[in-house]
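Spelled out from the first residue to the last, the chains are:
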Amino acid sequence: MRSLRTGLSLAALVTGAVMLFTTPAAHAADTPLRDLAAAKGKVVGTAVTGSKLTGSYGDIAGAQFSSLTPGNAMKWETVEPTQGTFNWSEADQIVAFARAHNQQVRGHTLVWHSQNPSWLTNGTWTSAQLSSLLQNHISTEVGRYKGEITAWDVVNEAFNEDGTYRSTLWYNGLGANYIAQALTWAHAADPAAKLYINDYNVEGVNAKSTALYNLVKSLKAAGVPIDGVGLQAHLILGQVPATLQQNIQRFADLGVDVAITELDVRMALPADSGKLAQQKADFKSVVAACAAVTRCVNITVWGFTDSDSWVPGTFPGYGAATPYDENYAPKPAYYGIAEALGGTTTTPPTGACSATYGVTSQWNTGFTGQVTISCSGASLSSWKANWTYGAGQQITQAWNATCTQSGAAVSCTNASYNGTVPDGGSVTFGFNASWSGSNPVPVVTLG
């Protein structure tokens, strides 16, 4: 449904090779989520930003997930910003990455009231013209990726909260039949792709989900090609609907698949150990509900890292909504997903602080690095980060810390203004250093 955040953290701003490494203090489960899901007959996915599919971001996206959803790359404003002129570059990049990593792609989204180009939304169209535009768009996009997209979110967010149809360009211009037409055109363009209707606040049994249920039932009865229902699951901490599994099952009983398509669980910031524990329980509850229903086939998180989440930009004061933190370290929520899929995991101990070392830019004689110190269930009033270089690297300048080096051994202590690291918080310091030949990554310890 929502845009992934376009702003990048410092570690992702580098052009060329980007290296970001996490110390052993926080590590993923031994068995990747995609393998745990496969053992349950499920697919586990994430929404991604195509330009970031390198370095640690790309490594995690490829290793942990068996399905990718383009966060924005396949939306109308991206692929056809000017009428008749198409831009497939980011979409192609994501599809190629998925192919290289033996992943499915979930196409998102063909018909939506949002993120449409201005030439479309500001135009004055007859019903016939609007129908032609929609058919052409669907036929062109689905046809381009025929055989490469496993499932499409064909129609997105068709209903109001009370179960009435949302007033949109499509509904106002074409009537409710635009949904059946869109599905029919998508099926004609790629008969093998699974076709979904996707919406939010339809996770539990309520007026909106019942309207969606009745629509799917009527489409099935009319012979319209409809294969599945997407429950977005943009949830608030501690508010997983009690009727989630019941709702999944009733859609499955109609003879369609169900997917959790955009899962995240936002919390009021700052995060702390109690909130992170509740978030773990929430992720585990949602994934377990899907795992319990045979026809619930896919669980996709809407961005796997907090640095790529739409939440802070849309809900001021809220965030930390995904399974990985901004430094690509797995949070308790990650382990909740793994456990719901049958994995046995050892969650990093509570009351722990850890350090993450990253190289943010590098040139032929030197590099810029940073270290982030994070705490969960604990806090620090002062800190010292220690590591040993293995290839003669020498620190030449530091900021936000006082760094000394004796031979290969480096020790950095807090400045007067940033010694405090609260529970759920972090501090970052940076440095420039010289290198020659190689730049292996050290393990950072706190002491």
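Throughout, a residue's number is its position along its own chain's written sequence, starting from 1. Where local features are concerned, this predicted model is filtered to residues with pLDDT of at least 70; where side-chain atom pairs are given and counted, the filter is 80 or more; whole-chain, interface and lining totals use all residues. With hydrogens and water stripped out, all remaining heavy atoms of the structure feed into the side-chain values.

### Digging into the nonpolar core
Moving on, step 1. Here the nonpolar core consists of buried residues drawn from Ala, Val, Leu, Ile, Met, Phe, Trp, Tyr and Cys, with membership extended through side-chain atoms lying within 4.5 Å. With a 1.4 Å probe rolled over the protein chains alone, any residue whose accessible area is under 20% of its type maximum counts as buried; one over 50% counts as exposed, and the rest are partly exposed. If you look at the biggest cluster of nonpolar residues, it comprises 94 residues, and the most contacted ones within it are Trp152, Ile260 and Leu263.
Moving on, step 2. Among the elements that take part in this core, helix α8 (residues 178-189) stands out by supplying 8 residues, more than any other.
Moving on, step 3. Note on contacts: a residue pair is in contact if any heavy atoms of the two residues lie within 4.5 Å. Setting aside its immediate chain neighbours within four residues, Leu263 contacts Gln232, Ala233, Leu235, Phe283, Val286, Val287, Ile299, Thr300, Val301 and Trp302.
Moving on, step 4. By size, the runner-up hydrophobic cluster in this structure holds 22 residues, among which are Cys375, Trp383, Tyr389 and Val421. Numbering of helices and strands runs from the N terminus; a helix is a DSSP stretch of H or I covering at least four residues, while a strand is a stretch of E covering at least two.

### Concerning the pairing of strand β10 (residues 296-301)
Moving on, step 1. When you tally the buried positions in β10, you get 5 out of 6 residues, the bulk of the element.
Moving on, step 2. Pairs of strands are assigned from DSSP output, requiring at least two bridges between the strands. Both strand β2 (residues 43-48) and β10 contribute to a ladder of 4 bridges, which runs parallel. Note that in β10 the partner of Thr46 across the bridge is Val301.
Moving on, step 3. Between the parallel elements strand β9 (residues 257-268) and β10, the chain passes through helix α11 (residues 273-291) in a crossover that is right-handed. The handedness of a crossover follows from its direction of travel: if, with the strands pointing away from the viewer, the path from the first strand over the helix to the second runs clockwise, the crossover is right-handed.

### Observations regarding unusual backbone geometry
Leave glycine aside and you will find that most residues have negative phi; peptide bonds, for their part, are mostly trans.
Moving on, step 1. Cis geometry is found at the peptide bond from His108 to Thr109, where omega equals -5 degrees.
Moving on, step 2. Assignment of secondary structure puts Thr109 in strand β4 (residues 104-111).
Moving on, step 3. Cis peptide bonds are those with omega within 30 degrees of zero, and the linkage from Leu269 to Pro270 qualifies with 5 degrees.
Moving on, step 4. For Pro270, the location among the structural elements is in the loop between β9 and α11.

### Quick notes on the pattern of salt bridges
Moving on, step 1. Just to be clear on terms, a salt bridge is a Lys or Arg side-chain nitrogen sitting within 4 Å of an Asp or Glu carboxyl oxygen. Tallying each qualifying case throughout the model produces 10 salt bridges.
Moving on, step 2. A salt bridge links Lys208 to Glu161; the shortest N-O distance between them is 2.8 Å. Of the two residues, Lys208 sits in helix α9 (residues 207-221) while Glu161 sits in the loop between β5 (151-156) and α7 (169-174), which places them 47 residues apart along the sequence.
Moving on, step 3. Classification of Glu161 as partly exposed rests on a relative accessible area of 43%.
Moving on, step 4. The salt bridge involving Asp199 is made with Lys208; its shortest N-O contact spans 3.3 Å. Taken individually, Asp199 and Lys208 each receive the classification buried, so the pair is uniform in this respect.

### Overview of the sheet that holds strand β19 (residues 445-446)
Moving on, step 1. Strand order in the open sheet formed by 4 strands is β16-β17-β14-β19, and the pairing between neighbours is antiparallel. Each edge of the open sheet carries a strand with a single partner, namely β16 (401-406) and β19.
Moving on, step 2. Summarising the sheet, β16 and strand β17 (residues 409-414) pair through 6 bridges and their orientation is antiparallel. Residue pairing in the sheet places Thr404 in a bridge with Ser411 of β17.

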